[in-house]
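# Architecture at a glance
Now for the letters of each chain:
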Amino acid sequence: NAGVTQTPKFQVLKTGQSMTLQCAQDMNHNSMYWYRQDPGMGLRLIYYSASEGTTDKGEVPNGYNVSRLNKREFSLRLESAAPSQTSVYFCASTTGTGVSEQYFGPGTRLTVT
Amino acid sequence: TQLLEQSPQFLSIQEGENLTVYCNSSSVFSSLQWYRQEPGEGPVLLVTVVTGGEVKKLKRLTFQFGDARKDSSLHITVAQPGDTGLYLCAGRIDQNFVFGPGTRLSVLP
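For the structure given in this document, a descriptive report is provided here. Treat the numbers as computed from the prediction; the structure is a model and nothing was measured. (Residues numbered from 1 in each chain as written. Chains lettered and ligands numbered in written order. Predicted model: local features only at pLDDT ≥ 70, side-chain atom pairs only at ≥ 80, totals over all residues. Heavy atoms only, no water.)

Residues and elements named next belong to chain B. A sheet is described by the order of its strands in space; here five strands give the open sequence 1-3-8-7-6, paired in antiparallel fashion. Where the open sheet ends on each side, the last strands, each with one partner, are strand 1 (4-7) and strand 6 (55-58). Ignoring strand direction, the axes of neighbouring strands in this sheet form an average angle of 15 degrees. Where strand 7 (residues 61-65) lies against strand 8 (residues 71-76), five bridges are found, and the strand directions are antiparallel. From the neighbouring strand, Thr62 faces strand 8, where its bridge partner is His75. (Pairing = 2+ DSSP bridges. Helix = DSSP H or I, 4+ residues; strand = E, 2+ residues; numbered from the N terminus. Axes fitted to C-alpha atoms, helices over the stretch in contact; angles between N-to-C directions.)

With that settled, the discussion passes to the interface of chain B and chain A. Counting residues at the interface gives 21 residues for chain B, matched by 22 residues for chain A. Regarding the contact of chain B and chain A, the summed buried area is about 1600 Å², with carbon and sulfur atoms giving 50% of it. On the chain B side of the contact with chain A, Asn96, Phe97 and Phe99 of chain B bury the most area, a combined 29% of that side's loss. Counting across the interface, chain B meets chain A through zero salt bridges. Linking chain B with chain A are two residue pairs in polar contact (both at pLDDT 80 or more). (Contact = heavy atoms within 4.5 Å. Buried area = accessible area lost by both parts, 1.4 Å probe. Salt bridge = Lys/Arg side-chain N within 4 Å of Asp/Glu carboxyl O. Polar contact = N/O pair within 3.5 Å; in protein donor to acceptor, adjacent residues only side chain to side chain.)

Generally speaking, nonpolar side chains in soluble globular proteins are found buried as a group. Among the nonpolar cores identified, the biggest contains 21 residues, and Leu19, Leu32, Trp34, Phe63, Leu74, Ile76 and Leu105 of chain B are the most heavily contacted of them. Those elements that place two or more of their residues in this core are strand 3 (19-25), strand 4 (31-37), strand 5 (44-49), strand 7, strand 8, strand 9 (85-93) and strand 11 (103-108) of chain B. (Core = buried A, V, L, I, M, F, W, Y, C linked by side-chain atoms within 4.5 Å. Buried < 20%, exposed > 50% of the residue type's maximum accessible area, 1.4 Å probe, protein only.)

Another aspect to go through is the layout of surface pockets. Of the pockets and cavities examined, the largest pocket occupies roughly 580 Å³. Lining the largest pocket are 30 residues, with Gln37 and Arg109 of chain A together with Gln37, Leu86 and Arg104 of chain B positioned closest to its centre. Elements with a contribution of two residues or more to the lining of the largest pocket: strand 4 (31-38), strand 9 (87-94) and strand 11 (108-112) of chain A together with strand 11 of chain B. Here the lining of the largest pocket takes four residues from strand 11 of chain A, the largest share from any one element. Partitioning the lining of the largest pocket into residue classes produces 11 nonpolar, 13 polar and six charged. (1 Å grid on protein atoms, 1.4 Å probe; cavity = no way out; pocket = protein on both sides within 12 Å on 5 of 7 lines; lining within 4 Å. Points joined across faces, edges and corners; volume = space filled by probe spheres on them. Nonpolar A, V, L, I, M, F, W, Y, C, P; charged D, E, K, R; others polar.)

The structure is reproduced here in structure tokens:
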């Protein structure tokens with residue numbers, strides 16, 4: 001089992017460019033999450049999807065959009081990248097029931113110049 | 001303002017010492033998780049505590065959930081260089097998890 005996979009691992013964008021971060025899980029989990037991690041800030045929730053077909057905003061959704069393509073895949077799109085979006089992005093998934101332990105992907109390190 | 005505070009922010013100790021790190025909030029959580037994160041990787045779950053006052057032991061690591069389910073501690077005995085990493089706590093509210101900023105632990109040989 002691969003668990004949670006993310007692509008790409010690294011990306012450099014110029015201000016105003018767009019890109020999509022991909023995430024997939026093979027654990028048949030219902031819920032998926034996108035976080036960003038900045039120094040001294042911990043992980044902050046951008047968007048989440050409690051189940052296939054639903055998405056909701058988290059703590060810091062501005063400048064991002066998401067798509068829950070199917071049960072396995074949850075993508076994060078930056079339409080017009082800004083330097084403030086320089087960060088490490090993590091995707092996570094959980095069963096969505098019970099204690100709901102989160103499993104994280106390896107992260108995407110994004111730099112916007 | 002952080003919903004979850006962690007202390008200390010940084011901790012550097014010698015191999016063999018004991019240490020405790022703390023996770024505090026004014027909010028009540030239905031459960032609380034501790035993760036360890038190494039450079040260039042995603043966080044990895046260490047433990048989940050659910051019941052107020054619960055204590056869980058994982059080899060040299062002891063986790064405690066406060067009686068009011070607002071705070072937690074992680075105690076490590078006889079620290080090893082392999083314990084080095086960023087320790088994150090995460091409290092669950094409804095469907096989501098709120099993370100603290102982490103304690104960065106360095107255990108020197």
